[in-house]
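# Observations on the model geometry
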2 protein chains.
Amino acid sequence: MLRVLGVDPGLTRCGVGIVEGVPGRPCTMVHYEVVHSDPDEELAHRLLRLDRRFAELITEFAPASVAVERVFAQNNVGTVMGTAQAGAIAIVAGARAGLPVTLYTPSEVKAAVTGSGSADKAQVTLMVTRLLKLAAPPRPADAADALALAICHVWRGGTRDKLAAALKAARR
Amino acid sequence: MLRVLGVDPGLTRCGVGIVEGVPGRPCTMVHYEVVHSDPDEELAHRLLRLDRRFAELITEFAPASVAVERVFAQNNVGTVMGTAQAGAIAIVAGARAGLPVTLYTPSEVKAAVTGSGSADKAQVTLMVTRLLKLAAPPRPADAADALALAICHVWRGGTRDKLAAALKAARR
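Residues numbered from 1 in each chain as written. Chains lettered and ligands numbered in written order. Predicted model: local features only at pLDDT ≥ 70, side-chain atom pairs only at ≥ 80, totals over all residues. Heavy atoms only, no water.

Where an unreviewed UniProt entry is consulted, chain A appears under the name Crossover junction endodeoxyribonuclease RuvC, with the organism given as Allocatelliglobosispora scoriae. Per UniProt, chain A carries the Catalytic activity (unreviewed entry) text "Endonucleolytic cleavage at a junction such as a reciprocal single-stranded crossover between two homologous DNA duplexes (Holliday junction)." (UniProt positions renumbered as here; feature names shortened; annotations may be inferred.)

Set out below in structure tokens:
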């Protein structure tokens, strides 16, 4: 059973989802939330709030692995910097806790939960709701992408984590 | 006397410079270095190395303020994401230590040390060497920009820090 913290990075709204499960079987939803920060606030305070919240979530829910959405420079110019910065904070929070951190592209995540790398947001939300057997779609919607990332990692990356650990052990 | 940690963010080469001084007078160089990381290494490890080094530098040199170069999405697409991520780690390292963090654009820094916002790298290095009365230009050159940032903040931001602190005190 692998418990994964998924992060859909954003500065104003950062989606966080924690699920657990094994590859090929439905996962269980453990927690989800959206960490908000005010665009009028100083950047340093906004990043610090994220940094603290990630540390709290890792302590509280003890995930074994962190999955973060990979951000591309070609994305929306207006938000790409904030997204990259929020992503960096999530990555370091995982690394600081000694957890493996894996990055997935949006199409990898979409393909993992819907079967199509070009699925739209509604389709991802629908599949996340179904796969986690939730009574209603996650609200706010930003959390659905984070849950999808966590599911994607349970299914795809769990094996990868184990291989990496085995390889590390063999090298010792 | 204000001691400032300047950071010219970069993932592969991150310039760090620490100076102290008062507005309008030559500053003193305290320390400079370039934190390197290997592009072949995992992103999480690269960011973690920066995170740890910033924390060590803040403990060792006890700066009162942090100045970081502001990154724009319009910058070099090939390196802009790494630069934004390294910048986020520097910003949070300062904020976590309770230090004020100020961002400066490259032109603000150039204007502060050379008098021209469009000065080239050689001119900035020359002025940093002169202003800090160094026997030779800082090597590696990436450190010169970080020192320029720190000088810029001593001259421009020192007053700002004091005003912010006074305002904060008045509000209590």
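Once the structure has been displayed, the description carries forward.
Residue and element names in this part refer to chain A. Assignment of secondary structure puts P9 in the loop between β1 (2–8) and β2 (13–21). Considering only alpha carbons, one finds P9 and T28, 19 residues apart in sequence, at a separation of 22 Å. Setting aside its immediate chain neighbours within four residues, P9 contacts C14, V68, E69, V71, T83, A86 and G87. (Helix = DSSP H or I, 4+ residues; strand = E, 2+ residues; numbered from the N terminus. Contact = heavy atoms within 4.5 Å.)

Turning our eyes to something else, we now look at the sheet that holds β1 of chain A. Residues and elements named next belong to chain A. Ordered in space as β3-β2-β1-β4-β5, the five strands form an open sheet in which the pairing is mixed. Edge positions in the open sheet fall to β3 (28–36) and β5 (101–104), since each of these has one partner strand only. Shown here is a sheet whose adjacent strand axes are inclined to one another by a mean of 20°, direction ignored. Where β2 and β3 come together, eight bridges link them in antiparallel fashion. Looking at the pairing, R13 lines up with H36 of β3. Packing of helix α1 (residues 43–61) onto the sheet brings it into contact with β1, β2 and β3, and relative to β3 it is tilted by some 165°. (Pairing = 2+ DSSP bridges. Axes fitted to C-alpha atoms, helices over the stretch in contact; angles between N-to-C directions.)

Adjacent strands of a sheet form backbone hydrogen bonds with each other and so pair up, either parallel or antiparallel. Residue and element names in this part refer to chain B. Read from one edge to the other, the open sheet built from five strands follows the order β3-β2-β1-β4-β5, with strand pairing classed as mixed. The two strands at the open ends of the sheet, each matched to only one other strand, are β3 (28–36) and β5 (101–104). Taking each pair of neighbouring strands and ignoring which way they run, the sheet shows an average axis angle of 20°. Bridge count between strand β1 (residues 2–8) and strand β2 (residues 13–21): seven bridges; the pairing is antiparallel. Counterpart to V4 in the pairing with β2 is V19. Across the sheet, helix α1 (residues 43–61) touches β1, β2 and β3, and the angle it forms with β3 is around 165°.

In this section: the interface of chain A and chain B. The partner chain B presents 23 residues to the 23 residues of chain A that form the contact. Both sides together, the interface formed by chain A and chain B hides about 1900 Å², and carbon and sulfur atoms give 79% of it. The largest per-residue losses of area from chain A upon contact with chain B belong to A73, M81 and V92 of chain A, which jointly make up 25% of the total buried on that side. Where chain A meets chain B, there are two salt bridges. (Buried area = accessible area lost by both parts, 1.4 Å probe. Salt bridge = Lys/Arg side-chain N within 4 Å of Asp/Glu carboxyl O.)

What follows concerns the environment of L99 of chain B. All names here are of chain B. Mapped onto the fold, L99 is located in the loop between α2 (77–96) and β5. For L99, a relative accessible area of 16% corresponds to the buried category. For L99 and V66, which are 33 residues apart along the polypeptide, the C-alpha to C-alpha distance reads 6.7 Å. In contact with L99, not counting residues within four places along its chain, are I58, P63, A64, V66 and G94. (Buried < 20%, exposed > 50% of the residue type's maximum accessible area, 1.4 Å probe, protein only.)

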